[in-house]
Amino acid sequence: MTANREMLIERLDYLSSMSEAEKINYKLIFIDFKNFKKINDSWGYETGDYILQEIAFRLQKIVDENDLSARLGGDEFAVVVQRELEAEELKRYIRKIKRELEKTYKYDQKEITLSSNFGISAYPEDGQNSKEMIRSADIAIYKAKQSFNKEIEFFAKNMEKDVIAGVQMEDSLKRAVKNQEFHLVFQPQYKIDGEKLRGFETLIRWHSPEQGTISPARFIPAAEKTGLIKEIGEWVIRTSIRKFKLLEEKFKEIPVLSINISVVQLTDPGFVAAVKKIIDEEKIKGFKLEFEITESLFISDQEYVIDVLYKLKELGISIAMDDFGTGYASLSYLQHIPLDVIKIDKAFIDLISQNPASEKMMVPPIIEMAQQWGIKVVAEGVETVEQLHYLEDHNCDYLQGFLLNKPLSEYQISKVF
């Protein structure tokens, strides 16, 4: 039988109160699952309940007979390791549990894959009783959930400061949404001649009254974690459309308005309906709409994501893959995704200005293969004339970067174009 939260607390208190001669340096492992809510939203609570039962069953099966597995509530589980394990043994044990829990779940002709986060605290260094041990494991798993590439975190003293900063960022974001502290700028994209306009990438900026200007690299991950990205993302889509409707007469050719869409937005079951509602209400006129996605979307839920992309294309939205080459999608996989554009990451464009010459040769194959599949290519972060000429020589379609133009406000756009 899987223990509940109360039984877990009792066991932790018992282990913590043992005499010095009997004491075990036990470990507490917290486990939760990314985007579990999406399962309930997409396939219903019956499917979600089945998977939770299956998780509990798998956990009982994989956990050592001397350890205790527990369900804390929702999609949160725990394991108490009641044995003395060396650091490497513990890591192997955790990875073994992780592999078991992430195997495909099958229910009602559906195949579902989950990704998990682990947070670990160790007695006695991370806590002297159940309350302190739970708090430390909680902080560790919070840290794991904040990270995009580290799903297993062991508690460390400096994490507390990071978690407090994270909570403060969440509070500031909520105020920013309420007080409308965000604004938009638009960076031009040009055809390869560097003169004819292709369109603009929409960029969000935040100036906090308390903290000043805050980088999107800091606040976007926090917005994704809290779910505020959905509200912020819809505001970006609606606001940028409204601004460009007013700029319609400024352009000789119909420009593309490109908007970044986060993983959290695109995998939200209500996203396509929300976009359709905005388009129906705002009536796009005088520009073409494009959504930029990232390669991280294709780590899991590939079929679901591809289905969403096709639905967006039915709404007349073109699809661009941002930061191409830095993530998980391979060139061969591009043919399975309904892409119109790939954007070569600035890191690759920077190589053009470096020696040896072999460094530059990473860019032409991307351009050539993408174009063979009918996908246009935008080079991001073009900052030197040398980069411009090299991209021109290798038939890149479009350019974006400070060499050509910085991000502009709508007022600046009205004066420049």
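Read on for a plain summary of the structure. Everything numeric here is computed off the predicted structure, so don't read it as measured data.

## A closer look at the overall build of the protein
- Along the backbone of the protein there are 15 helices and 16 strands.
- Taking the principal axes of the C-alpha coordinates as reference, the protein spans close to 80 × 50 × 50 Å.
- Going through the 417 residues of the protein one by one, you find that 49% of them count as buried.
- Per element, the accessible surface of the protein, about 20800 Å² overall, is 49% carbon and sulfur.

## Focus: the packing of helix 10 (residues 271-282) against helix 11 (residues 302-314)
- Across the interface, helix 10 lies against helix 11 with an axial gap of 10 Å and an inter-helix angle of 10 degrees. By the angle between their directions, the pair helix 10 and helix 11 is classed as roughly parallel. Seen from above, helix 10 lies across helix 11 with right-handed handedness. Contact with helix 10, carried on its side by Phe271, Val272 and Val275, involves Val308, Lys311 and Leu312 of helix 11 and no other residues of that element.

## A short note on the packing of aromatic side chains
- Applying the stated criterion across every chain, the model contains 15 aromatic pairs.
- Seen in terms of ring centroids, tyrosine 26 and tyrosine 123 are 4.8 Å apart; in terms of plane orientation they differ by 10 degrees. Their pairing is stacked. Note that tyrosine 26 is positioned in the loop between helix 1 (5-16) and strand 1 (27-33) and tyrosine 123 in the loop between strand 6 (116-122) and helix 5 (130-146), a separation of 97 residues in sequence.
- Look at tyrosine 26 and you get buried, because its relative accessible area is 0%.
- Note on phenylalanine 244 and phenylalanine 287: the rings are 6.0 Å apart at their centroids and 70 degrees apart in plane angle, and the pair reads as edge-to-face. Residue phenylalanine 244 is found in helix 8 (residues 228-246), and its partner phenylalanine 287 is found in the loop between helix 10 and strand 12 (288-294); the two are separated by 43 residues along the sequence. Each member of the pair phenylalanine 244 and phenylalanine 287 is classed as buried.
- Joined through ring pairs, the aromatic side chains of Phe186, Phe200, Phe244, Phe251, Phe287 and Phe417 make up one cluster.

## Quick word on the sheet that holds strand 7 (residues 152-154)
- Strand order in the open sheet made by the 5 strands is 2-3-1-6-7, with mixed pairing throughout. Lying at the two open borders of the sheet, with one neighbouring strand each, are strand 2 (68-73) and strand 7. Looking at each pair of strands side by side, their axes are set apart by 20 degrees on average, direction ignored.
- Examined bridge by bridge, strand 1 and strand 3 (residues 76-81) share 5 bridges and lie antiparallel to one another. By the bridge assignment for strand 3, isoleucine 31 is matched with phenylalanine 77.
- Running over the sheet, helix 3 (residues 45-62) touches strand 1, strand 2 and strand 3 and is turned about 10 degrees from strand 3.

## Side note on the pairing of strand 6
- With 7 of its 7 residues buried, strand 6 lies for the most part within the structure.
- The pairing of strand 1 with strand 6 spans 7 bridges and is classified as antiparallel. By the bridge assignment for strand 6, lysine 27 is matched with alanine 122.
- In the sheet, strand 6 pairs with strand 7 via 3 bridges, with the strands oriented parallel. Bridge assignment links phenylalanine 118 to a residue of strand 7, and that residue is isoleucine 152.

## Describing helix 7 (residues 216-226)
- Turning to helix 7, its buried residues are Phe219, Ala222, Ala223 and Glu224.
- Residues of helix 7 that are buried make contact with helix 6 (159-179), strand 8 (182-191), strand 9 (197-208), strand 10 (212-214), helix 8 and helix 9 (263-266).
- The backbone nitrogen of alanine 217 lies 3.0 Å from a side-chain oxygen of the residue at the head of helix 7, namely serine 215.
- One or two positions beyond helix 7, positive phi appears at glycine 227, with a value near 85 degrees.

## Regarding a negative patch on the surface
- A cluster of acidic side chains, namely Asp193, Glu195, Glu392 and Asp393, defines a negative patch on the protein surface.
- Inspection of the secondary structure assignment puts glutamate 195 in the loop between strand 8 and strand 9.
- Residue classification places glutamate 195 among the exposed residues on the basis of a relative accessible area of 66%.

## Examining the pattern of salt bridges
- If you walk through the whole model with that rule in mind, you get 29 salt bridges.
- Note that glutamate 151 and lysine 34 form a salt bridge whose closest N and O atoms lie 2.6 Å from each other. Of this pair, glutamate 151 sits in the loop between helix 5 and strand 7 while lysine 34 is found in the loop between strand 1 and helix 2 (36-43), placing the two residues 117 residues apart along the sequence.
- A relative accessible area of 23% means that glutamate 151 is categorised as partly exposed.
- Lysine 34 gets classed as partly exposed once you look at its relative accessible area, which sits at 28%.
- Notably, a salt bridge pairs lysine 313 with aspartate 340, separated by 2.8 Å at the nearest N-O pair. Taken together, the residues lysine 313 in helix 11 and aspartate 340 in the loop between strand 13 (318-324) and strand 14 (341-344) connect sequence positions 27 residues apart.
- Exposure remark for aspartate 340: the relative accessible area of 25% places this residue in the partly exposed category.
- When salt bridges that share partners are traced, they join Arg238, Arg242, Lys245, Lys277, Glu281 and Glu282 into one network.

Calculation notes
- Residues numbered from 1 in each chain as written.
- Predicted model: local features only at pLDDT ≥ 70, side-chain atom pairs only at ≥ 80, totals over all residues.
- Heavy atoms only, no water.
- Helix = DSSP H or I, 4+ residues; strand = E, 2+ residues; numbered from the N terminus.
- Buried < 20%, exposed > 50% of the residue type's maximum accessible area, 1.4 Å probe, protein only.
- Areas by Shrake-Rupley, 256 points an atom, 1.4 Å probe, with all protein chains shown as cover.
- Axes fitted to C-alpha atoms, helices over the stretch in contact; angles between N-to-C directions.
- Parallel < 35°, antiparallel > 145°, perpendicular 65-115°, else oblique.
- Left-handed = near helix turned anticlockwise from the far one by under 90°.
- Contact = heavy atoms within 4.5 Å.
- Phe/Tyr/Trp six-rings, centres within 6.5 Å; stacked < 30°, edge-to-face > 60°.
- Pairing = 2+ DSSP bridges.
- Polar contact = N/O pair within 3.5 Å; in protein donor to acceptor, adjacent residues only side chain to side chain.
- Patch = residues over 30% accessible without salt bridge, like charges linked within 9 Å, V, L, I, M, F, W, Y side chains within 5 Å.
- Salt bridge = Lys/Arg side-chain N within 4 Å of Asp/Glu carboxyl O.
- Lys, Arg positive; Asp, Glu negative; His and termini not counted.
- Charge placed at Lys NZ, Arg CZ, Asp CG, Glu CD.

Geometry only, nothing functional implied.
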